[in-house]
Amino acid sequence: MTPKERINGYQLVYHRPDTLTDNPTHYCPGCSHGVVHRVMMEVVKEMGIQDRTVGVAPVGCAVFAYNYMNVDMQEAAHGRATAVATGIKRVLPDRYVFTYQGDGDLAAIGTSETIHTVNRGENILIVFINNGVYGMTGGQMAPTTLLGMKTTTSPMGRDVVTMGHPLDITPLIAQLPGALFVTRHSVHTPAAVRKLKKALRLAFEYQPLNKGTCFVEVVSNCPSGWKMTPREANAWMEKNMFTAYPPGDVKLPPPGLN
Amino acid sequence: MTPKERINGYQLVYHRPDTLTDNPTHYCPGCSHGVVHRVMMEVVKEMGIQDRTVGVAPVGCAVFAYNYMNVDMQEAAHGRATAVATGIKRVLPDRYVFTYQGDGDLAAIGTSETIHTVNRGENILIVFINNGVYGMTGGQMAPTTLLGMKTTTSPMGRDVVTMGHPLDITPLIAQLPGALFVTRHSVHTPAAVRKLKKALRLAFEYQPLNKGTCFVEVVSNCPSGWKMTPREANAWMEKNMFTAYPPGDVKLPPPGLN
Amino acid sequence: MSPVQRTTTLMKGNEALAEAALRSDMDAYFGYPITPQSEILEYLIIHGPKRGSVVLQAESEVAAINMVYGAAGAGARVMISSSSPGISLMQEGLSYIASAQIPCLVVNVQRGGPGLGTIQPAQGDYFQATKGGGHGDYRLIVLAPSSVQEMADFVPEGFRLAEKYRNPVMILSDGALGQMMESVQLPEQGSLPKSIPAWATRGKPENRERNIITSLFIDPERMEQVNIELQKKYAAVQSEARAELDRTKDAEIVLVAFGLAARICQKVVDIARERGKSVGLFRPITLYPFPTDILSRTADHAEHFLVVEMNAGQMVEDVRLAVNGRRSVDFTGRMGGIIPTPEEILQKIESLTVSTTDQALQGMP
Amino acid sequence: MSPVQRTTTLMKGNEALAEAALRSDMDAYFGYPITPQSEILEYLIIHGPKRGSVVLQAESEVAAINMVYGAAGAGARVMISSSSPGISLMQEGLSYIASAQIPCLVVNVQRGGPGLGTIQPAQGDYFQATKGGGHGDYRLIVLAPSSVQEMADFVPEGFRLAEKYRNPVMILSDGALGQMMESVQLPEQGSLPKSIPAWATRGKPENRERNIITSLFIDPERMEQVNIELQKKYAAVQSEARAELDRTKDAEIVLVAFGLAARICQKVVDIARERGKSVGLFRPITLYPFPTDILSRTADHAEHFLVVEMNAGQMVEDVRLAVNGRRSVDFTGRMGGIIPTPEEILQKIESLTVSTTDQALQGMP
Amino acid sequence: MFVTHELIIAGFGGQGALSMGQILAYAATIEGREVSWMPSYGPEMRGGTANCIVIVAEKRISSPIVTMFDSAIVLNQPSLDKFLPRVKTGGLVLVEESTVKVPPGSPALEVVRIAAVHEADILGARQVANTVMLGAFLAKRPLVQVESVVKALEKVLPPHRRHLLDMNRRALERGAELAGHSEKLTAGSTA
Amino acid sequence: MFVTHELIIAGFGGQGALSMGQILAYAATIEGREVSWMPSYGPEMRGGTANCIVIVAEKRISSPIVTMFDSAIVLNQPSLDKFLPRVKTGGLVLVEESTVKVPPGSPALEVVRIAAVHEADILGARQVANTVMLGAFLAKRPLVQVESVVKALEKVLPPHRRHLLDMNRRALERGAELAGHSEKLTAGSTA
Amino acid sequence: MIRGTVLVAQEICKGCELCVIACPQDCLGLSETLNKKGYRFAMLTADSCTGCENCALVCPDAALTVYREPKPVRRPATSVQGAA
Amino acid sequence: MIRGTVLVAQEICKGCELCVIACPQDCLGLSETLNKKGYRFAMLTADSCTGCENCALVCPDAALTVYREPKPVRRPATSVQGAA
Ligand SMILES: Cc1ncc(C[n+]2csc(CCOP(=O)(O)OP(=O)(O)O)c2C)c(N)n1
Ligand SMILES: Cc1ncc(C[n+]2csc(CCOP(=O)(O)OP(=O)(O)O)c2C)c(N)n1
Ligand code: SF4
Ligand code: SF4
Ligand code: SF4
Ligand code: SF4
Ligand code: SF4
Ligand code: SF4
Ligand SMILES: [Mg+2]
Ligand SMILES: [Mg+2]
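All values reported here derive from a predicted model rather than from experimental measurement.

Chemist: What am I meant to see in the sheet that holds strand 4 (residues 96-102) of chain A here?
Modeler: Sheet strands pair by backbone hydrogen bonding; their relative direction is either parallel or antiparallel. What the eight strands build is an open sheet, ordered 10(A)-8(A)-9(A)-5(A)-4(A)-2(A)-3(A)-9(C); its pairing is mixed. Either end of the sheet is taken by a strand with one partner, and the two such strands are strand 10 (248-251) of chain A together with strand 9 (212-213) of chain C. As defined by bridge partners, strand 3 (residues 72-75) of chain A adjoins strand 9 of chain C across two bridges and the pair is classed as parallel. Its bridge partner lying in strand 9 of chain C, Met73(A) is registered against Ile212(C).

Chemist: Sorry, what's going on with the coordination of the magnesium ion (ligand 9) here?
Modeler: All names here are of chain A. Taken together, Asp103 (OD), Asn131 (OD1) and Val133 (O) make up the protein donors of the magnesium ion (ligand 9), found 2.0 to 2.2 Å from the metal. Binding-site remark: the magnesium ion (ligand 9) is held by donors from one chain whose sequence spacing is D-x27-N-x1-V. Taken together, the positions of Asp103 in helix 5 (residues 103-109) and Val133 in strand 6 (residues 133-134) put the pair 30 residues apart, joining distant regions of the chain. You can call Val133 buried: its relative accessible area is 2%.

Chemist: Looking at this model, I keep getting lost on the sheet that holds strand 7 (residues 168-174) of chain D. Mind explaining?
Modeler: All names here are of chain D. Pairing within the open sheet is mixed, and its seven strands lie in the order 3-2-4-5-7-6-13. Of all the strands in the sheet, just strand 3 (54-57) and strand 13 (286-288) have a single pairing partner and so form its edges. When the angles between neighbouring strand axes are averaged without regard to direction, this sheet yields 20 degrees. Sheet topology places strand 6 (residues 141-143) next to strand 7; three bridges connect them, and they run parallel. In the sheet register, Leu143 faces strand 7, and the bridge partner there is Ile171. Its contacts with the sheet put helix 2 (residues 38-47) on strand 2 (28-31), strand 3, strand 4 (78-82) and strand 5 (104-110), and the angle it makes with strand 3 is roughly 135 degrees.

Chemist: Explain the coordination of the magnesium ion (ligand 10) here, please?
Modeler: Ideal donor angles around a metal are set by the shape: a four-donor tetrahedron calls for 109.5 degrees, a six-donor octahedron for 90 or 180 degrees. Residues and elements named next belong to chain B. For the magnesium ion (ligand 10), the protein coordination sphere consists of Asp103 (OD), Asn131 (OD1) and Val133 (O), at 2.0 to 2.2 Å. Between the donor residues of the magnesium ion (ligand 10), the gaps in sequence give the motif D-x27-N-x1-V. Each member of the pair Asn131 and Val133 is classed as buried.

Chemist: Explain a nonpolar patch on the surface to me, please; I cannot follow it from the model alone.
Modeler: Residues and elements named next belong to chain A. Judged by side-chain polarity, Leu147, Val160 and Val161 come together as a nonpolar surface patch covering roughly 260 Å² of accessible area. Tracing the backbone through its elements, the reader meets Leu147 in the loop between strand 7 (140-141) and helix 7 (160-163). For Leu147, a relative accessible area of 45% puts it in the partly exposed group.

Chemist: Looking at this structure, I do not really get the interface of chain D and chain C. What am I missing?
Modeler: One frequent convention defines the size of an interface as the accessible area lost when the parts assemble. In this assembly, 57 residues from chain D lie in contact with 57 residues from chain C. Between chain D and chain C, a total of about 4700 Å² is buried, with carbon and sulfur atoms accounting for 60% of that surface. Summed over the shared surface of chain D and chain C, the result is four salt bridges. In this structure, the salt-bridge partner of Glu317(C) is Lys131(D), at a minimum N-O distance of 2.8 Å. For the pair chain D and chain C, the interface holds 36 residue pairs in polar contact (both at pLDDT 80 or more). At the level of elements, helix 4 (84-89), helix 5 (91-99), helix 6 (126-132), helix 9 (220-237) and helix 12 (315-323) of chain D are the ones that each hand at least two residues to the side of chain D that touches chain C. Among the elements that take part in the side of chain D that touches chain C, helix 9 of chain D stands out by supplying eight residues, more than any other. Here the residues of the side of chain D that touches chain C are counted per class, giving 19 nonpolar, 27 polar and eleven charged.

Rules of the game
Residues numbered from 1 in each chain as written. Chains lettered and ligands numbered in written order. Predicted model: local features only at pLDDT ≥ 70, side-chain atom pairs only at ≥ 80, totals over all residues. Heavy atoms only, no water. Pairing = 2+ DSSP bridges. Helix = DSSP H or I, 4+ residues; strand = E, 2+ residues; numbered from the N terminus. Donors = N, O, S within 2.8 Å, 3.2 Å for Na, K, Ca; no water. Buried < 20%, exposed > 50% of the residue type's maximum accessible area, 1.4 Å probe, protein only. Axes fitted to C-alpha atoms, helices over the stretch in contact; angles between N-to-C directions. Contact = heavy atoms within 4.5 Å. Patch = residues over 30% accessible without salt bridge, like charges linked within 9 Å, V, L, I, M, F, W, Y side chains within 5 Å. Areas by Shrake-Rupley, 256 points an atom, 1.4 Å probe, with all protein chains shown as cover. Salt bridge = Lys/Arg side-chain N within 4 Å of Asp/Glu carboxyl O. Buried area = accessible area lost by both parts, 1.4 Å probe. Polar contact = N/O pair within 3.5 Å; in protein donor to acceptor, adjacent residues only side chain to side chain. Nonpolar A, V, L, I, M, F, W, Y, C, P; charged D, E, K, R; others polar.

What follows is the structure in structure tokens.
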């Protein structure tokens, strides 16, 4: 049966949105980045805001996000995505502005920008991909690397005495009065993806209210950095990453808002 | 009566410690910096650790701290004092290492270094002088400037929409597992000074235990930046700063430690 | 709007610059306090917002320069200012901005270095400004004001050049020019045309491809193409080279100085001429592009060049490159925030003429 | 300890450098991952701690360079490494380190810029390294390896120079040298003497004044004195200038190239000589101090200089300054991570000789 | 023709040396002169010395910084020590009487002592001590007219200080009187 | 005299092109040759192409980067397209049979197809496909002795992989056999 | 049960198997052959697909298009009108 | 009550008055004259000082030295031994 025959008489129920470009991604097989890209662009598509959306790509594996997301984008220096987004949003206050950042980008070199952007309550969306490792540069330790976790720069496992504790930045963020909505998700199951999409939709919808920063963490895998198959990686993530970074809402907007 | 006559037969009960140099300070009249310097050096003197203490001065009004504190010191770049202290402590793990930083230094440009140093649990003491203003550069808004407070860069008072909320960094710090002892003080009354001294003594004493970072905030005045007399400044501080930054212990070491 | 009469006002250099930015319809300013230029931020935060300009005190210079990247990448007219150490922190950001070809105006009100240094005026950041303190082959267009008037004038001019060439422009000033007051004619409000650039990231309408601001070209062939584009631009920028020549035509000795040092040298020329010495002054106004050709022509008749800088000798290299061995090029300078006095420059001039006319006598016991 | 025999090993440049650092009794290393040099941190974190060296992955390059300041200011032998964008972020810190006269070793494994650029090898940071990318008048001593062997050799040499002059030393390498493997003889463990400097901040004993590490000299007279001290040091450093000369004696055309580009040029010389052309190679080993005098002597006999760089033309300025108009100096280069091929350099050589010998014929229809 | 005048005003930070210079500069601008006002600034917010160089000229001013001065207005002792040797021969040195002692043995200069603080107290506001000094200076060196100074003050004083305008005018006049009556010393006579 | 040999090894990331080159470089070092191994590295962690240039020579190697090669070992199609034109006339092109198709019409080169993946499967571990290729290459261009390769493997293999040594030796031998028996094509004959 | 089917963009698929794991009907698997990038790619291995979209939801490369049988339009009994 | 006294380092004092405020005995005040730096400086204005140290504790410039009458040594009655 040719594909054409197979779908004959059937209805299309899912197709990649045209807010994603046709470029194949450079991500490793099974990497969460692609899922999050797709879901974000589905939301942009469904809300019909492609013409009012400006994204900021990080330095990290998602550095090429602008090759895939079919919206106007800027590629920021390592760690500075939220500063770049602040610049954009301040001069274009009616646009939807988001950043997309890895854990190295957001929680190591960009810590200061992250905290101050949220503290100012910039009306932007920050999407935070926490895969516990520097994927792009070959799997070095990230601030969020778990204790005992082996990376190329914690070859015997992260040890707390010399390397410090995993940095759980999301609750810190949530504590800042400028944070409007802080939530943590994953994309390892269809149900998780559905939840993430709902959260992202809310986060985008809050933006024109000018009530503060929305912060969506996605606990993610990095099959290459972790040296696992995608299947193993997702299982490992659920077992280990979720203990340290449990999915769920961390801070909800005040009741009146919804 | 000459001074000599006056003290004839009396006992010396207080004299500036020789861990302070003889240099007169450049601080404005009534500025808290001088008090904190003195108290710290009294502790160093009383503990007899002058020969094992290395301090790090910030960029801020206390940039010249090394002119007054009679211990080996390094003057760090703006915001980087804790990184400098990390460098020192890592190569000299048996020394007492402290930083001394203003709110602009520690909580604006140095946010990232502050958080990561504490997160690594570097075994150093961070003394944080929160006067709600950039004193050195002429009274600009600091991260800790209160809402409505007038500074040269918030001439109509800090407004939350464009300038964001005052950043209360101390509870954030306390939340990090690397923080051992986090406490907040002031120096506006003799009693407050006594409390601060006790806290500083504890903080120094914890250091050889290698259990993490000690963080001592001193809510301070800045008569010049606030455009008040020292007397007014202390009264204003008590009334306004203490509401936002209430003195007290924020995080105590685990019970076994003392 | 009816044209506003240009009136003369007495102003600090920093404030004149800030007011000129508002009159140039600057959309946004990002900064962080640092002496001796905090007045720029302070002035703008009072006057900017009510005149439609975003003014934001960032948490650091690193954040500020990246806010500039974002805002200017979104098509806004953006300025940033700082002083030496703060400018050093922006070097990565400036390299990105130059690579992504984002127009913006960067002001460095220099102080004495290196390190934390002093807050007194200096010119030690010439190399950083003109050769590119960040990584890779990029250039800033660098304007060197030498009066409060030029602190104001070079703002619209800087924006114009930045937008024309899609390149960051730097105004390389110093603490003395920032802090001193002189009378100044401010530019007229609205005299600098503004339009939204086609490449700006402001949301992708259906009828165009998405706009991307990036400096990442992982494929080296593509990266080289970008570099070739940049180099072509820099070649075109050479036509903007400017200098002010003061009594150089008949000068035997030509002083070369920029910014505040040029002001001192003007006095030196006055005195020297009174004393019957044929001294002139060559003042580069653009430090990049360096006015190589104009200077080279001066070398057709002048015998000696004496470069005067408030540093250890930086521009002197560009002077030597321009003169290319045809004439002697000497240097005198003061460092660390010290401003050379006319007297010491005059002495140096004496020693120069002695050393050439009476060379044979030199070194005798 | 009995002296260890120097054996030949096949190693990546980055790893050879890291191993050489351990053998040079480095006390501490601070770094942050960035391609193409992450192997240095990765190697050191495996081998460093068990051999007594502190190895710490910092939260950023800014933090890392300031950790270096602290540790080296406390008298430790300290190294840091990064690649172009990361080095740009260190410019403020480097200016502080130079001003406070703290010895340390900084490694830049360059990649193509500007901006985020590409991860391919390049030499676009020459200006930044040699003229001072940070603010104020300071210099790094800059060593340019051109083989894996030199990646190793320049580590103890870099530490030695840093400690001798109390100045930061930079090894200016590139991604190709960092990533390639060649056989290398590693330095012997403990061959570099070490002592605790008297100025280090390690706690003030009763019998000495407190030690202070600072770059703040608010009084301009004092700041100028510090600058004069620095300039005297840089004058003394000139004696360390080094270059490798390959068949320049009888060369009509002298190629000038450093690092990887010099390797390519070596091949060019081989081929050119085979073809009967008298071509030689001048390879600066120290980029600062630039081997001006040695090069100038070469200009006594050579007719043309052709500078070959993996950038848009940076070192060529120093070559021109050295030659000072006596000979023609041309430039050819590739940018953005592209490595020039021997063929294209040979072609350029052809065009040079054509353009001088057959100049009259040029431009004819 | 108007002869270029190069003046230094120096005192402790907070004594108002800088603003005195600014007022003079404004006044000269109002009269169409070329003016430059150049402060020296230190790290301290208060305390420390503060001084400014004011140059008033007819044509474009070349260097805004000079090392020898036509006059000096001196508000504290360290400044006197620093600047006395840098006043040109025959130049004018105006000192605030209560805070500055003129040492004997200085070169031949016209030294005028003004009890500006005392006069200001009498006038009712210590802040106008500066204005008294300025009035005295202008009596000696009429670089600008008193009216221009008043206009400058009108421009410069913040709205909530406008009521001080009259007092300032009186201070200027009083300064001029004092300068007229003042015991003229050459530095070197007992101060 | 030993003649300098310039070789490119190219494939997808993860196929082991780089490590194959390293083994060869180690082996040549053991034999006292001058060697350089130069990878090209891309942004991707997996996927993308990866290749390295290995130069084996008797004397100091000048440029570690060359544009024309004496031989090429090719493990995927994009690499063939890229490097086939850059093999010198008369040079050797070794391709993995199951993944690379040699197009007709290429210049006259010695093209040898090796079913390395298939052979490795037979030997029991797909990872040794590389070693099969290397064995084949060395049969054609004996730059180093097989024994040196085995010694290099001993040095390079991590302890927990030492048991693979024997299999690798067999893979080298098998590769050599295949190269001997292999149908020699000039590119251009139907592949 | 509603019937569905999926199309796989074979040259985009990287064979990560996440769809295979996510499919509640166990009707996805990987090909034996490789695509141009060297990956095995996802394919329907049984015809039990219900068009539930789960596979598409977890696919990092948006390589899946999902189709479903039209829902049998349940017409309310009262509105029986002639289909056009 | 124990009697005490304080010495003020007049050239170091900046006249901030914090000691004046802190003194429970109200025995500190500022001078009429200025020191070399132009500040009025702290001085004892009454002889009610108890040597409590409060002033010294809050002084930012460590300008105060505090003295106190020796405590009357309360000798336990049983140990009356001749003082050497
Ligand atoms: C200033 C600077 N430092 C370092 C790098 C190198 N670098 C590129 S990506 C990266 C880390 C990325 O990790 P993360 O943010 O967690 O993203 P991931 O790749 O894991 O998605 C680093 C350190 C750089 N490009 N620029
Ligand atoms: C990189 C850099 N940016 C800015 C400055 C200017 N600067 C000096 S001190 C200071 C702020 C000091 O404020 P704070 O840390 O609160 O200390 P305080 O003076 O209030 O005690 C600033 C912004 C600098 N020296 N270096
Ligand atoms: S390295 Fe990790 S984060 Fe990066 S693309 Fe691969 S799997 Fe994803
Ligand atoms: S400016 Fe403020 S913080 Fe600085 S010395 Fe003066 S009072 Fe103290
Ligand atoms: S999830 Fe997508 S990329 Fe992965 S195997 Fe399935 S179709 Fe292919
Ligand atoms: S649509 Fe559902 S049933 Fe069909 S293949 Fe995908 S996951 Fe399986
Ligand atoms: S010691 Fe106590 S009583 Fe005496 S002056 Fe000081 S505060 Fe007052
Ligand atoms: S507290 Fe100290 S500085 Fe302040 S008035 Fe008293 S003695 Fe002087
Ligand atoms: Mg990551
Ligand atoms: Mg402060």
